[in-house]
Amino acid sequence: MSTIEKEKTVQSARRGLLVFFLILIPLTAISYILALTVTPVYGLLLMWAPGISSILTRILLREGFADISLRFGGQRTLRTTPFILLLPVAVGLVAYGTAWITGLTEYTGHNGNVVGALAGTILIQMSVGTVMGIISSAGEELGWRGYMLTRLTEAHVPKPILMSGLIWGIWHIPAILIGSYYSGPSLALSIVLFMVTISSFNIIISLLRLSTGSIWPAVLLHASWNAIIQDAFDRYTSGKNAYLWTGESGILVAATLVIAAWFFYRRSAFVKDVRL
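Let us look at the structure shown here. All values reported here derive from a predicted model rather than from experimental measurement. (Residues numbered from 1 in each chain as written. Predicted model: local features only at pLDDT ≥ 70, side-chain atom pairs only at ≥ 80, totals over all residues. Heavy atoms only, no water.)

## Details of the packing of aromatic side chains
Inference 1: In total, this model carries 13 aromatic pairs according to the counting rule given.
Inference 2: Note on F20 and F21: the rings are 5.2 Å apart at their centroids and 65 degrees apart in plane angle, and the pair reads as edge-to-face.
Inference 3: Here the aromatic rings of Y181 and F194 are separated by 5.9 Å at their centres, their planes lie at 85 degrees, and the arrangement is edge-to-face. Here F194 lies in helix α6 (residues 187-212) and Y181 lies in the loop between α5 (160-177) and α6, a separation of 13 residues in the sequence. Each member of the pair Y181 and F194 is classed as buried.
Inference 4: Chaining the aromatic ring pairs together yields one cluster made of F20, F21, W144, Y147 and W171.
Inference 5: Here the guanidinium or amino end of R145 rests over the ring plane of W168, the centre of that ring lying 4.1 Å away. (Phe/Tyr/Trp six-rings, centres within 6.5 Å; stacked < 30°, edge-to-face > 60°. Helix = DSSP H or I, 4+ residues; strand = E, 2+ residues; numbered from the N terminus. Buried < 20%, exposed > 50% of the residue type's maximum accessible area, 1.4 Å probe, protein only. Lys NZ or Arg CZ within 6 Å of the ring centre and 35° of its normal.)

## Comments concerning a nonpolar patch on the surface
Inference 1: Together, L36, L177, I178 and L187 line one region of the surface with nonpolar side chains, adding up to about 370 Å² of accessible area.
Inference 2: Looking at where L177 falls in the secondary structure, it is placed in helix α5. (Patch = residues over 30% accessible without salt bridge, like charges linked within 9 Å, V, L, I, M, F, W, Y side chains within 5 Å. Areas by Shrake-Rupley, 256 points an atom, 1.4 Å probe, with all protein chains shown as cover. Salt bridge = Lys/Arg side-chain N within 4 Å of Asp/Glu carboxyl O.)

## So, the packing of helix α1 (residues 3-37) against helix α2 (residues 43-60)
Inference 1: Where α1 contacts α2, the axes come no closer than 8 Å and their chain directions differ by 155 degrees. Judged by the angle between their axes, α1 and α2 are roughly antiparallel. Considering only the axes of α1 and α2, their crossing is right-handed. Two secondary-structure elements touch here, α1 through G16, V19, F20, I23, L24, L27, T28, S31, Y32, L34 and A35 and α2 through G43, L45, L46, A49, P50, I52, S53, S54, L56, T57 and L60.
Inference 2: Per-class residue counts for the contact of α1 with α2 are 15 nonpolar, seven polar and no charged. (Axes fitted to C-alpha atoms, helices over the stretch in contact; angles between N-to-C directions. Parallel < 35°, antiparallel > 145°, perpendicular 65-115°, else oblique. Left-handed = near helix turned anticlockwise from the far one by under 90°. Contact = heavy atoms within 4.5 Å. Nonpolar A, V, L, I, M, F, W, Y, C, P; charged D, E, K, R; others polar.)

What follows is the structure in structure tokens.
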């Protein structure tokens, strides 16, 4: 690619990002307002705000959809399936298990077969929950990893993966501020820990998307994380400090994901020529 072509690519990516955010910001604000004042059902519109913004940007700028990476990616994508389903389980068992065992939080399980109740819920969420979660996670992934991440890279934005994680985290902060999403006893600490959690998770999900050349691993990992962590492990956790130690703004979840992201990044097979 010539210097002129490279410059055109950079300018095109920057223009795309500008239009994307000009649509995303007001659409996000409208979605939050509707979800708060009308019905929480508009939360689905909020999760689709990034996807809708990316689709409209592609149409307005006549970029097309060829680079959206809806292909399954062959064997590379299939090989990620066990990892996609087991990562949330592993993080949950380490972070939540530690909290339960040490008494930092309480395990709110059924009487009798405690392990069986949790295992059954996890299996349901790994299968049915993940499939249902695709409806909402696809909206975010079409925008964040299907558009924004690639444009940040093409625009030569420093540290594109880390930057995309920062933006993704900030997009969630209003929900934390209004107390509807993982707000622990200390609001400031909850925000900091959430940013650590989501930035670490973003490294993993972004590397999956870039290394497989497909958006589907990102969609599935996002869906399985929400289903398994939120609808299985969160469901069995209680106590006044539950959101301090567990959940996406919890100390143990943040620490576990930092380690997982570091380990994943160190595996060279996943990070060929990829810039954080």
